[in-house]
Structures are given as structure tokens and as C-alpha cells.
Amino acid sequence: MTVRTLIQILVLISTLTMLSAQEPEIVIRPPITGVTRLAVADFQSKAVATAETDSALKVFNDVLWKDLDFSAFFEMKSKSFYPNKPIRVPLDVNFEDWQSSVVNADFLVFGNVQLVGNSAVVESYLYDVKTKQQVLGKRFTAASTTLIRNVAHNFADEIVFQLSAGTSRGVARTQIAFSSQKGGAKEIQIVDYDGANPRTITANGGLNKFPEWSPDNSRLAFVTRLPNSSRWEIWVQEVTGGRAVLSTPSSYASSPAISPDGRRVALSSRSQEATDSDIYLANVDGGGMRNLTNHQGIDTSPCWSPTGQQIAFISDRSGGPQVWVMDADGSNVRRLVLEGGHCDSPDWSPDGRLVAYSWQAPTQWKHDVYVVEVATGKIFQLTVGGASNESPHWSPDGRHIVFQSTRSGSKQIFIMNADGKNVRQITAYGINESPAWSGYSKREQ
Amino acid sequence: MKRVFTALMVLAVFSALMVLSGCKKNPPPVRPTLPPPTTSTPTPTPTGGPAPTIEIQASPSTVERGGQATLAWKTQNATSVVIDGGVGNVSESGSVVITPRDSSTFTAIAKGPGGEAQASTRVTVVSPKEVGGVTSTDIDNLMKAIEDGRVKDVFFAYDKSELSSESRTQLEQNAKWLRQYPGAAVVIEGHCDERGTEEYNLALGDRRAQATKEYLVQLGVTAEQMESISLGEERPFAPGQDEAAYSQNRRAHFTVKR
């Protein structure tokens, strides 16, 4: 074989590779690539540093960096290449240092923190390195130093909003709800998106499962079986405490989902006469309960399209549990995912294009997170490895997904980019499952 | 030259493999370049480490039938804890209130990066003291029938809720005793093994309990005497990740409603 023949083979192979690469992948919009090169200098103490300032700065710098890194909008420039000189205020910046090939940043974040009594005042800046122009200059006050995380989250979201030209409001101030094992009970908990600041929503000692947020974040819907009860109930609970219990037709009720207009709840239940479950629809106060499906086979796990016009759900009417779609009045039922195996936990992306779900391939005992493009039925795998990855749920900006995984041993909650990269563990203790990412609360809208 | 040739061939074969896998239409499309997600886990599972320890206690250790006892446990260096006898997966330390049907030994297994440890405790169940020569009621009789195995649980195949002929034979026995003690209501719990998803298993457990209840209605037991609830994969009877455990966990379980 001559070198020439070899070259011909290689050219042929490259051509084929290019042809196969033209097959469009599912595209996450805006694309998840770090196109903007961001340098984030450590914030400094404005006055002479004390132990309190140092510990507040440590938290602030850590949280801000992690928020910006996880946003998946930026190529984060490593701190080890930054100039040594600390930056407190704009006058401290030598822009040439940050443009140099060593750092090569497009934008620079810096600022200072000052403790005044119990409160912390943070001056924060975002500068365009090339034009030397200020993009953001904000002064935040945290009523106590323990709230300095929130200031970092707040500023991170502002930077994301600015540098994404308004395509994302960021996720740094969002929350995640999940079901957490407490002894023999499972209780609903919420945490900040990064796992910090855990709060208890239920403490009834029963089994509380499958939480879903109302679109304004004021309420959580979930299913509850109180201790020793022989009945599952749908609870719609205010995050601040009060709740409505929806009256369901039998002892079985599961997986409630509040509609995007906040007025209705889709759920799985069973009539007294039926042998298995159907999808039901009720008003959020429990009135007007009626079934949308009436079919032999299990129907469960409903989720709403972002317009509220359609509902995706799980049905095993064709054999194994699969992802199906119908109009919100129960008409026009069709199968969305055409593979075998077992699917569950569908969740519609905020832009309406994709549905995330878990899939267990035939003959396998592990689950993985997939997305299906609604218009084409094309599927795309997001998680790999030996562990089970289940219960995906989109972030409100559609750029991230939260899911549960057994990869660290017991079931824990993880977040990742919507392309499956940049996985982070946000719970570490006990057993935690069925996560739901909050929307944007009214305050942030 | 030979070395260059070999290198080019290796490259050619590799590229051909890439093309083949890239063109393959069969789902799922796995991107071969994706690193295993474990590498991005911020708190990687440590290998080795101190061995876990576990202690478990029952209080009181003797209860009257139908009475409650509390199991309390604590561990060190454990990442997961399972207690058998229907308690299931639990947190590293905690307590749970149980109502044992009869005398039972509860074994807790703690697993951690450093290995495995187990501890057991026993709860003895005694018959309630007869007060003033009270005669046994339907409830007591049905409890006795469950205890001595006249009324038994029935089992299911993976992902199925159909009753096997063996299950039907057992349910005919169960029906006989349920009809005999109409004053005692039963709760039929539907259970699943852990392999399905949480949502699907809750619905599947319900279908198992319903199939069981319906057959008992056909056999003349009144629907009012029976309640049913699915517990999905929440309360496994046997710990473990093998068919021996799974087959124990796919069942319709009979308890007396109190």
C-alpha cells in the first residue's frame, strides 16, 4: 500500500466523518459553550481585614465563582494566572494585565466587602476588559453576614443576565425541592440550587413524595401517606405553611403537577371501579376532579407543556411504561418515545422543545436521563455510567437539569448542564430523591 | 516508515470505528467522547476508609400484640443503612416506630466506603392479657390466622400484577378466613421490588393490591371488609439486590386494620 493510497483512505474517512457529523444534534439554546472569557478576581476587604471579614469574603468568593462557573455561559479564566495585585475598586485595575495572553479575559469581575455592625456592604463591578468600560456597578447590603451568599447569588444572576444579553436570568437564586428520608418517613425539603440553606416543608412522619412547584414558587404539590393511613393524598401546600388536601377517587393518588397558569393540577389516581391508574385533572383547590384518560394500563407522572396546552405522561398501555403526550383536554393521545424499555418522570423544557425523562433499556437494571425533541421524536442521552440516574427536572432557564443518582452510593440529588456536562452533587447525606427545580419567583420577575 | 504506516493504520481503523458508531441509527445515541459523570462529582466516593459501625436497640423489647416499639440506631462511617423486616432504607442515625405482627429480629446493615457492619435487636410480641375472660374477637382471630400462616401474602412476577395459580389457591384460603371473620377488616398492601422507578412502582403496587382485592371480591369477601394501599418500593421485606430479595418484595401483604 502506498502512502498515496493511505492518504486517499484518510481523506475518504474524514469526508465520511464530516457527513455523519452533519446529522443535527439536539441543540440547547442558547448554546452551552463558554464563549465569553470571564476573570473573577477575589473580592477584597474594603477596610483592614478582620477574621469576620475574611470568613465572609471566603464564602462570597466561593459562591460567586461557583455560580458563574455553573451558569455555563463563561469560559472561567483560572485564578492562578491573575496579577498578584489585589483589586478593591476600579482604580486598582490595570486592564493590560487582564488582556494579556496569560489571562486573556473579555470581562473582569471584582469588588470589595465591608462589615458594618452585623450587616455586610458589598461593592461589586463588572468591566469590559477591552473597552475598559464599566458594565455593572452595584452596591448590595446583606442584613447579616450569614446572608452574604444571597448577595453573591444576586450579583451572579445580574452578570449572567447582562452577558447573556437577557437570554437567561440565571439560576443562582432558584431553589430545589425533593423528598428526603428521615428514619422510616420521607419528608419534603427545599434547598438553594447549590444545596445550601436546607429548609423543611413537611414533618408529619409519613411518606411525602414527588414534589412539584407552582409556577410562582409559592406552593408545592406532592403526595402524602400519613403514618398508618391506608390512603395517599394530594397536598398543595404553601411554602409558608397552609395547605389544601385534594379529594381523590380512591386510596391511590400520585405525582401531582400544577399547570403553568397555577389554576389546575394534573395527577395520577384511580376510580373505585378501575383496576389501574389514569391521569386526572382538578382545580388547584381540589374541585372539579375528572379523568383525562380512561384506558387499561397504568397512566402516571403527568407534566405540563410550558403553554399549558399539552400534557406528557407515562403509560404502559402499549407494554412497558413509555412517554405519551395528549392535549390538556385528554384528546389527541400519541406516543412520544418509540423505544422499548421503561420510561418515567417526563419533564417539559421551559422553551417547549424538549421533554427530559428517565429510561431503563431492555435487559438493564439501571436508568439514565434522556431528552426527546418533541417535534421530531429524536432522543439524546445525557447521563452515562454504572449508576442509576432518574427523575430529571429542568431549571427555569432551560440550561440545566436536576436529577437523582446512585453514583455516590445512596440516592442523592445532582445538577448538570442540559447537555449532560458539569455534574455537581448538591446533597450528600441520607437518601434524597424526586427533585423539582423551582421557577422564577415573582420577586425576581 | 513502518512505524508511520502502523500509526496511520491505527488512525484509519479508529476513524472508521468513529464513522461506524456515528452513523449507527440504533438508539440510544451514546456520545463516545463523554467522560463518565463520576469524574465531575465534586465529592468523589472515597475508596477505603474506616470501617462502619452500627448499634441498634428496640424499646421496649417486649410489646403486647398490636403495640408499638421504637427501633433506634446510630452508625459511624456509614453511607447507607438498611433494616430488614419491612423497615427498608433509613438514614445513618435515627429511629422508627414499628408495630410488629409477631416476635421479630431486626437486623440493620450499615455500608460505607470502609466496608459493612451489622447489628440486630429483637422485639418479642406477647398476647394481650385477657381481662375478665373476654372472648376472642374477629380481629384477634384474623390476626391469629395471619400469624399461624392460614392467611398468607401472595407474590408476583417482575412488572406483573396478574395472579398466578399458586396465588389464586392461596387467596381462596385467605377468602375462607376473611368470610369467617367478617368483623375484622384487612388492609392489602401492594409492594414492588426496587428496580422500577418510584412513580411507576407506586402505580404498579396499587394494581397488585387491586388485582388481589378484586379476586377476593369474586370469592365472596365484601369490598367493605378490605382496604388497599400501594407502598410501591417504600417498604421492602428483604434487603439485597438479587432475585431472592426482589421476589420477596413483589407481593400483596395482608394486615389487620386496627
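Residues numbered from 1 in each chain as written. Chains lettered and ligands numbered in written order. Predicted model: local features only at pLDDT ≥ 70, side-chain atom pairs only at ≥ 80, totals over all residues.

Chemist: So, the overall build of chain B: which residues are in play, and what are the values?
Modeler: Each helix and strand in chain B was counted, giving 5 helices and 12 strands. Relative to its 258 residues, chain B shows a buried fraction of 38%. Considering only contacts in chain B between residues 6 or more positions apart, those separated by 24 or more positions represent 68%. (Helix = DSSP H or I, 4+ residues; strand = E, 2+ residues; numbered from the N terminus. Buried ≥ 20, exposed ≤ 12 C-beta atoms within 10 Å, placed from the backbone. Contact = placed C-beta atoms within 7 Å.)

Chemist: Outline the overall build of chain A, listing residues and values.
Modeler: Assigned secondary structure in chain A consists of 4 helices and 30 strands. Against the globule reference of 22 Å for 445 residues, chain A gives a C-alpha radius of gyration of 25 Å, in line with a compact fold. For the C-alpha atoms alone, the extent of chain A along its principal axes is close to 80 × 75 × 40 Å. Looking at the 445 residues of chain A, the share that counts as buried comes to 48%. Taking the contacts inside chain A whose residues are at least 6 apart along the sequence as the reference set, 44% of them involve residues at least 24 apart. (Rg over C-alpha atoms; globule rule 2.2 N^0.38 Å.)

Chemist: Which residues make up the domain arrangement of chain A, and what values do they have?
Modeler: Residue and element names in this part refer to chain A. Assigned domains within chain A: domain 1 (36-163) and domain 2 (175-444). Summarising the inter-unit geometry, the C-alpha centres of domain 1 and domain 2 are found 37 Å apart. On the domain 2 side, the residues contacting the 4 residues of domain 1 number 6 residues. Split into classes, the residues belonging to the side of domain 1 that touches domain 2 amount to 2 nonpolar, no polar and 2 charged. (Domains from an automatic or database assignment. Nonpolar A, V, L, I, M, F, W, Y, C, P; charged D, E, K, R; others polar.)

Chemist: Just give me the short version of unusual backbone geometry, but keep the residues and values in it.
Modeler: A cis amide bond links Ser 59 of chain B with the next residue in sequence, Pro 60 of chain B, at an omega value of -10°. As for its placement among the helices and strands, Pro 60 of chain B is situated in the loop between strand E1 (53-59) and strand E2 (62-64). With a phi angle near 50°, Ala 165 of chain A is a residue other than glycine that sits in the positive phi range. Following the sequence through the fold, Ala 165 of chain A ends up in the loop between helix H4 (148-163) and strand E7 (175-182). For Ala 165 of chain A, a count of 8 C-beta atoms within 10 Å gives the class exposed.

Chemist: Lay out the nonpolar core in plain terms, naming residues and giving numbers.
Modeler: Within the largest apolar cluster, 117 residues are counted, with the highest numbers of intra-cluster contacts made by Phe 60, Leu 108, Val 109, Ile 176 and Val 265 of chain A. Of the residues forming this core, the biggest block, 8 residues, is contributed by H4 of chain A. Ignoring sequence-local partners within four residues, the contact set of Leu 108 of chain A consists of Ala 39, Ala 41, Val 93, Trp 98, Tyr 127 and Val 129 of chain A. Residues Leu 163, Val 186, Ala 211 and Ile 229 of chain B belong to the second largest nonpolar core, which totals 23 residues. (Core = buried A, V, L, I, M, F, W, Y, C linked by C-beta atoms within 7 Å.)

Chemist: Provide a residue-level description of H4 of chain A, including the pertinent values.
Modeler: Residue and element names in this part refer to chain A. For H4, which comprises 16 residues, the first-to-last C-alpha distance of 23 Å matches the rise-based estimate of 22 Å (1.5 Å per residue) to within 8%. Every buried residue of H4 is accounted for by Ile 148, Arg 149, Val 151, Ala 152, His 153, Asn 154, Phe 155, Ala 156, Asp 157, Ile 159, Val 160 and Leu 163. Considering only its buried residues, H4 is in contact with strand E1 (36-40), helix H2 (51-70), strand E4 (107-116), strand E5 (119-128) and strand E6 (133-142). Ala 165, located one to two residues past H4, shows a positive phi value of around 50°. (Expected span 1.5 Å × (residues − 1).)

Chemist: Please give an account of the domain arrangement of chain B that cites residues and values.
Modeler: Residues and elements named next belong to chain B. Partitioning chain B into structural domains gives domain 1 (53-126) and domain 2 (138-256). Once you take the C-alpha centre of each, domain 1 and domain 2 turn out to be 24 Å apart. Between domain 1 and domain 2, the contact holds 8 residues from the first and 9 residues from the second. Along the lines of polarity and charge, the residues of the side of domain 1 that touches domain 2 split into 2 nonpolar, 2 polar and 4 charged.

Chemist: So what's going on with the sheet that holds strand E3 (residues 69-76) of chain B? Residues and values would help.
Modeler: Hydrogen bonds between backbone groups are what pair the strands of a sheet, and the pairing can be parallel or antiparallel. Residues and elements named next belong to chain B. In space, the 3 strands of this open sheet follow the order E1-E3-E6, with antiparallel pairing throughout. Because the sheet does not close on itself, it has two edges, and the strands there are E1 and strand E6 (94-98). Across the sheet, the mean angle separating the axes of adjacent strands is 20° when strand polarity is ignored. Pairing between E3 and E6: 5 bridges, direction antiparallel. By the bridge assignment for E6, Ala 69 is matched with Ile 98. (Pairing = 2+ DSSP bridges. Axes fitted to C-alpha atoms, helices over the stretch in contact; angles between N-to-C directions.)

Chemist: If you had to explain H2 of chain A to someone new, which residues and values would you point to?
Modeler: All names here are of chain A. Helix length check: H2, at 20 residues, gives a terminal C-alpha distance of 29 Å against a target of 28 Å (1.5 Å per residue), a fit within 8%. Listed as buried for H2 are Thr 53, Ala 56, Leu 57, Phe 60, Val 63, Leu 64, Asp 67, Leu 68 and Phe 70. In the stretch just after H2, Ala 72 is the one whose phi turns positive, near 65°.

Chemist: How would you sum up the sheet that holds strand E20 (residues 322-327) of chain A? Please name residues and give values.
Modeler: With antiparallel pairing, 4 strands are arranged side by side in an open sheet as E18-E19-E20-E21 (chain A). Of all the strands in the sheet, the pair left with one neighbour each is strand E18 (299-304) and strand E21 (334-335) of chain A. Across the sheet, helix H4 (residues 198-218) of chain B is in contact with E18 and strand E19 (310-315) of chain A; its angle to E18 of chain A comes to roughly 140°.

Chemist: Please give an account of the packing of helix H3 (residues 165-180) of chain B against H4 of chain B that cites residues and values.
Modeler: All names here are of chain B. Look at H3 against H4: their axes get within 9 Å of each other, and the N-to-C directions meet at 60°. Classified by the angle between their axes, H3 and H4 sit oblique to one another. Crossing handedness for the pair H3 and H4: right-handed. Mapping the contact onto sequence places Arg 168, Leu 171, Asn 174, Ala 175 and Leu 178 in H3 and Thr 212, Tyr 215 and Leu 216 in H4. Its residues assigned to classes, the contact of H3 with H4 shows 5 nonpolar, 2 polar and 1 charged. (Parallel < 35°, antiparallel > 145°, perpendicular 65-115°, else oblique. Left-handed = near helix turned anticlockwise from the far one by under 90°.)

Chemist: Can you lay out the environment of Arg 207 of chain B for me, pointing to particular residues and giving the numbers?
Modeler: Mapped onto the elements, Arg 207 of chain B comes out in helix H4. In this structure Arg 207 of chain B comes out as buried when scored by C-beta crowding, with 25 C-beta atoms within 10 Å. It is 10.0 Å that separates the C-alpha atoms of Arg 207 of chain B and Ala 252 of chain B, two residues lying 45 residues apart in sequence. Non-local contacts of Arg 207 of chain B, meaning those with residues more than four positions away in its chain, are made with Thr 275, Asp 276 and Ile 298 of chain A together with Ser 161 of chain B.

Chemist: I'd like to hear about the pairing of strand E12 (residues 251-256) of chain B, residue by residue, with values.
Modeler: All names here are of chain B. Counting buried residues in E12 gives 5 out of 6 residues, a clear majority hidden from the surface. Strand direction decides the pairing type here: strand E9 (residues 154-155) and E12, joined by 2 bridges, are antiparallel. Each bridged residue has a counterpart across the sheet, and for Val 154 the counterpart in E12 is Ala 252. With 5 bridges joining them, strand E10 (residues 186-191) and E12 adopt antiparallel strand pairing. Bridge pairing in E12 places Gly 190 opposite Ala 252.

Chemist: Go over the confidence of the model for chain A with me, naming the residues and quoting the values.
Modeler: Taken as a whole, chain A shows an average pLDDT of 91; of its residues, 91% reach a score of 70 or greater. Within the model, pLDDT remains below 50 along residues 11-24 of chain A, and this stretch shows 13 contacts once partners closer than five positions in the same chain are excluded. (pLDDT = per-residue confidence, 0-100.)

Chemist: Report on the confidence of the model for chain B, specifying residues and quantitative values.
Modeler: Segments scoring low in pLDDT should not have their predicted coordinates read at a detailed level. Residues and elements named next belong to chain B. Summarising the model, chain B shows a mean pLDDT of 81, and 77% of its residues fall at 70 or more. When the criterion is pLDDT under 50, residues 16-46 qualifies, and its contacts beyond four places in sequence or with other chains add up to 47 contacts. This stretch, residues 130-134, has a pLDDT under 50; its non-local contacts, to residues over four places away or in other chains, come to 0 contacts.

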